[in-house]
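# Understanding the architecture of this molecule
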Amino acid sequence: MILQGENIVKQYQHDRGIINALDHVSFTVNNGDFVTVTGPSGSGKSTLLLSLFGLIRLTSGNIIFEGHRIDNISDRKLTDIRKKSVGYILQSFALIPYLTTLQNVMVPLMLEKISGKEQVKRAAEILDYIGLSDRMEHLPRELSAGQQQRVAIARSIVHKPRLIMADEPTGNLDPALSLEILEFLKKINQENKITIIMVTHSPVAAGYGTMKLHLNEGKIVIGNS
Ligand SMILES: Nc1ncnc2c1ncn2[C@@H]1O[C@H](COP(=O)(O)OP(=O)(O)O)[C@@H](O)[C@H]1O
Ligand SMILES: [Mg+2]
């Protein structure tokens, strides 16, 4: 088991009352799972992803990562765990526009105590793996949407995280490019045993899941616990 949620509750306070964005959600993710999180708009998918590693704080409930509770630890410790163990992929690729492909991929490594030369070497290796070694000196705007998302994926795995969290990673891509990205995620999952948790509302993307969670109005309606 890599990640477990127990009775997760997240409430948002509004003028007109309280919204239960997550309403007693429980689940277990095993090492190497490819988890898909589906559900209608507003069902709590993004809230779930953001709350797992403390980007937003829970109202109540427990989160256990690799055997340790992480819902009640300091922001500093959480940041350390995120930097070491978690990679994020978002719908908007969130590349830094004035950095080259190589430099964008190096960003997570700049926080580590390794030489600049080693950073370049590791980033170049990942770009080779993902098929972009001929685009290393390009800026994001000189790349296609699919290539930009591949750079974002390279950036999310360069520090060798054990878990990748992706929120609608194919939301801005056409069907052919979406398939390409999904196949990359599958390859990363299978070859490197990196656990993936992917939010999506595409049925095709959801088909990649080896473990499926379906949310409705903040509750899990299909899943495990
Ligand atoms: N920062 C916020 N403040 C208040 N309400 C929010 C906030 N973020 C999300 N919500 C509400 O929580 C519910 C779940 O939202 P979200 O997790 O974004 O759903 P999904 O990603 O499934 O579309 C929705 O009713 C949404 O309006
Ligand atoms: Mg969302």
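The rules we used
Residues numbered from 1 in each chain as written. Chains lettered and ligands numbered in written order. Predicted model: local features only at pLDDT ≥ 70, side-chain atom pairs only at ≥ 80, totals over all residues. Heavy atoms only, no water. Near = heavy atom within 4 Å. Polar contact = N/O pair within 3.5 Å; in protein donor to acceptor, adjacent residues only side chain to side chain. Helix = DSSP H or I, 4+ residues; strand = E, 2+ residues; numbered from the N terminus. 1 Å grid on protein atoms, 1.4 Å probe; cavity = no way out; pocket = protein on both sides within 12 Å on 5 of 7 lines; lining within 4 Å. Points joined across faces, edges and corners; volume = space filled by probe spheres on them. Nonpolar A, V, L, I, M, F, W, Y, C, P; charged D, E, K, R; others polar. Salt bridge = Lys/Arg side-chain N within 4 Å of Asp/Glu carboxyl O. Buried < 20%, exposed > 50% of the residue type's maximum accessible area, 1.4 Å probe, protein only.

### Quick look at the site of ligand 1
The immediate surroundings of ligand 1 are formed by Tyr-12, His-14, Ile-19, Ala-21, Pro-40, Ser-41, Gly-42, Ser-43, Gly-44, Lys-45, Ser-46 and Thr-47. Taking Tyr-12, its side chain carries an N or O atom lying 3.5 Å from a nitrogen atom of ligand 1. Of all the secondary structure elements, the ones that give two or more residues to the shell around ligand 1 are strand E1 (3-14), strand E2 (17-29) and helix H1 (45-52).

### Here's the deal with the layout of surface pockets
The volume enclosed by the largest pocket comes to roughly 590 Å³. At the level of secondary structure, the elements contributing two or more residues to the lining of the largest pocket comprise H1, helix H2 (75-85), strand E6 (86-89) and helix H5 (145-157). No other element matches H2, which puts five residues into the lining of the largest pocket. Broken down by class, the residue content of the lining of the largest pocket amounts to 11 nonpolar, four polar and eight charged. Considering only enclosed or pocket space, the second largest pocket measures out at about 180 Å³ in volume. Looking at the second largest pocket, the residues that line it are Asn-31, Ile-126, Tyr-129, Ile-157, Lys-160, Pro-161, Arg-162, Ile-188, Asn-192, Lys-193 and Ile-194. Tallied by class, the residues present in the lining of the second largest pocket amount to six nonpolar, two polar and three charged.

### A short note on empty space enclosed by the protein
The tally for this structure, following the rule as stated, stands at one cavity of 30 Å³ or more. Taken as a whole, the largest cavity spans an internal volume of roughly 50 Å³. Considering the residues around the largest cavity, the lining is formed by Ser-51, Leu-52, Phe-53, Gly-54, Ile-56, Arg-57, Leu-58, Ile-63, Ile-70, Asp-71 and Leu-78. Of the residues contributing to the lining of the largest cavity, the split by class is seven nonpolar, two polar and two charged.

### Some points on the pattern of salt bridges
Under the definition given, this model contains nine salt bridges. We note a salt bridge from Arg-122 to Glu-112, for which the minimum N-O separation is 3.9 Å. Taken together, the positions of Arg-122 in helix H4 (residues 116-129) and Glu-112 in the loop between helix H3 (101-106) and H4 put the pair 10 residues apart, joining distant regions of the chain. A relative accessible area of 28% places Arg-122 in the partly exposed class. We classify Glu-112 as partly exposed; its relative accessible area is 31%. Notably, a salt bridge pairs Glu-118 with Arg-122, separated by 3.1 Å at the nearest N-O pair. Here Glu-118 and its partner Arg-122 are both found in helix H4, four residues apart, which amounts to about one turn of the helix. The network of salt bridges with shared partners includes Glu-112, Glu-118 and Arg-122.

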